Amino acid sequence: MAAAAAKIAPSMLSSDFANLAAEAERMVRFGAEWLHMDIMDGHFVPNLTIGAPVIESLRKHTKAYLDCHLMVTNPLDYVDPLAKAGASGFTFHIEVAKEYWQELIRSIKSKGMRPGVALKPTTPVEEVFSLVEAEDPVELVLVMTVEPGFGGQKFMPEMMEKVRALRNKYPALDIEVDGGLGPSTIDAAASAGANCIVAGSSIFGATEPAEVINILRKSVEGAQQN
């Protein structure tokens, strides 16, 4: 079975929001496969970020894959607006969707988006196994490597056990990591089996963002060859 392809997803939360279209274009030019969009409701996490109107505005300026991470209490409410806005991926948190994830996945797929599930650091990895193995499965699992809600936190290496467990169980699954990823932490994530890498300040704060994107990708591809 082929390894899941490396996908580098700059976290647009770290970009210059006054120039979002230009920042998106710059990241794609530098080699990013995806653009990671953090949607927070001020309830599931204390922070409040963007919603469907910003996705809709950005979509007019880019053909890039918009990888939307929903840190919200009621993800079902966001399916229609985000689909209309042009979201590509819709990743919800298992912590809020335990009772109705089948309905949520079907709804996401019916709107032409790719469903993913995320788990916070305190959530056991076993909670997402049934979603990957379902008749209508998620197509991505996002392992949070920091507490969701704020940028700039330190990478939690102990989360790599979750990544390793997922990769051993599901060789072709897209496994995403988000939080504290950069040149100093990428090898730990890549060797554990992560292939979708979200990075914010390490890319946007770099003198040469294209070089950082390249380092992240090479680490994933190198780990897959070992």
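The model shown is predicted, which means the values in this text are computed figures rather than measured ones.

What counts and how
- Residues numbered from 1 in each chain as written.
- Predicted model: local features only at pLDDT ≥ 70, side-chain atom pairs only at ≥ 80, totals over all residues.
- Heavy atoms only, no water.
- Buried < 20%, exposed > 50% of the residue type's maximum accessible area, 1.4 Å probe, protein only.
- Helix = DSSP H or I, 4+ residues; strand = E, 2+ residues; numbered from the N terminus.
- Pairing = 2+ DSSP bridges.
- Right-handed = clockwise from strand over helix to strand, strands pointing away.
- Phe/Tyr/Trp six-rings, centres within 6.5 Å; stacked < 30°, edge-to-face > 60°.
- 1 Å grid on protein atoms, 1.4 Å probe; cavity = no way out; pocket = protein on both sides within 12 Å on 5 of 7 lines; lining within 4 Å.
- Points joined across faces, edges and corners; volume = space filled by probe spheres on them.
- Nonpolar A, V, L, I, M, F, W, Y, C, P; charged D, E, K, R; others polar.
- Disulfide = S-S within 2.5 Å.
- UniProt positions renumbered as here; feature names shortened; annotations may be inferred.
- Contact = heavy atoms within 4.5 Å.
- Polar contact = N/O pair within 3.5 Å; in protein donor to acceptor, adjacent residues only side chain to side chain.

### A look at the pairing of strand 3 (residues 65-71)
Within a regular strand, side chains alternate between the sheet's two faces.
(1) Moving on: Among the seven residues of strand 3, six are classified as buried, and the element is accordingly described as predominantly covered.
(2) Moving on: Pairing geometry for strand 2 (residues 34-40) and strand 3, over seven bridges, is parallel. Within strand 3, the position partnered with Met 40 by the bridge is Met 71.
(3) Moving on: A crossover links strand 2 with its parallel partner strand 3, the connecting element being helix 2 (residues 52-59), and its sense is right-handed.
(4) Moving on: Where strand 3 and strand 4 (residues 89-93) come together, three bridges link them in parallel fashion. Counted as the bridge partner of His 69 is Thr 91 from strand 4.
(5) Moving on: As for the winding sense of the linkage, the β-α-β connection from strand 3 through helix 3 (residues 76-85) to strand 4 is right-handed.

### Focus: the packing of aromatic side chains
(1) Moving on: Within the structure shown, the criterion is met by two aromatic pairs.
(2) Moving on: Aromatic side chains Trp 34 and Tyr 65 sit 4.4 Å apart centroid to centroid with 20 degrees between the ring planes, which places their arrangement in the stacked category. One end of the pair, Trp 34, is in strand 2; the other, Tyr 65, is in strand 3, with 31 residues separating them in the sequence.
(3) Moving on: For Trp 34, a relative accessible area of 5% translates into the label buried.

### Remarks on the layout of surface pockets
(1) Moving on: Here the second largest pocket is characterised by a volume of approximately 200 Å³.
(2) Moving on: Taken together, 16 residues make up the lining of the second largest pocket; nearest its centre are Arg 167, Ala 190, Gly 193, Ala 223 and Gln 224.
(3) Moving on: Elements with a contribution of two residues or more to the lining of the second largest pocket: helix 6 (160-169), helix 7 (186-192) and helix 9 (209-225).
(4) Moving on: By residue class, the composition of the lining of the second largest pocket is eight nonpolar, six polar and two charged.

### Side note on the state of the cysteines
(1) Moving on: Within this structure, the stated rule accounts for zero disulfides.
(2) Moving on: In this structure Cys 68 is not part of a disulfide, and its nearest cysteine sulfur, from Cys 196, lies 14 Å away.
(3) Moving on: Of the residues examined, Cys 68 reaches a relative accessible area of 0% and is grouped as buried.
(4) Moving on: Given a relative accessible area of 0%, Cys 196 falls into the buried group.

### As for the UniProt feature "active site" (unreviewed entry) in the protein
(1) Moving on: UniProt's feature table lists "active site" (unreviewed entry) at Asp 38 and Asp 178, given in the numbering used throughout. Over a stretch of 141 residues, the named residues converge on one spot in the fold, their C-alpha atoms separated by at most 10.6 Å.
(2) Moving on: Mapped onto the elements, Asp 38 comes out in strand 2.
(3) Moving on: Those residues in contact with Asp 38 that sit more than four places away from it in its chain are Ser 11, Leu 13, Thr 49, Ile 50, His 69, Met 71 and Asp 178.
(4) Moving on: Of the polar contacts made by the side chain of Asp 38, one reaches the side chain of His 36; its length is 3.2 Å.
(5) Moving on: On the accessibility criterion, Asp 178 (10% relative accessible area) is buried.

### With respect to the side chain of Thr 123
(1) Moving on: With respect to the helices, strands and loops of the structure, Thr 123 is situated in the loop between strand 5 (114-119) and helix 5 (129-132).
(2) Moving on: The class for Thr 123 is buried, based on a relative accessible area of 7%.
(3) Moving on: Look past the residues within four positions of Thr 123 in its chain and what remains in contact with it is Ile 94, Glu 95 and Lys 162.

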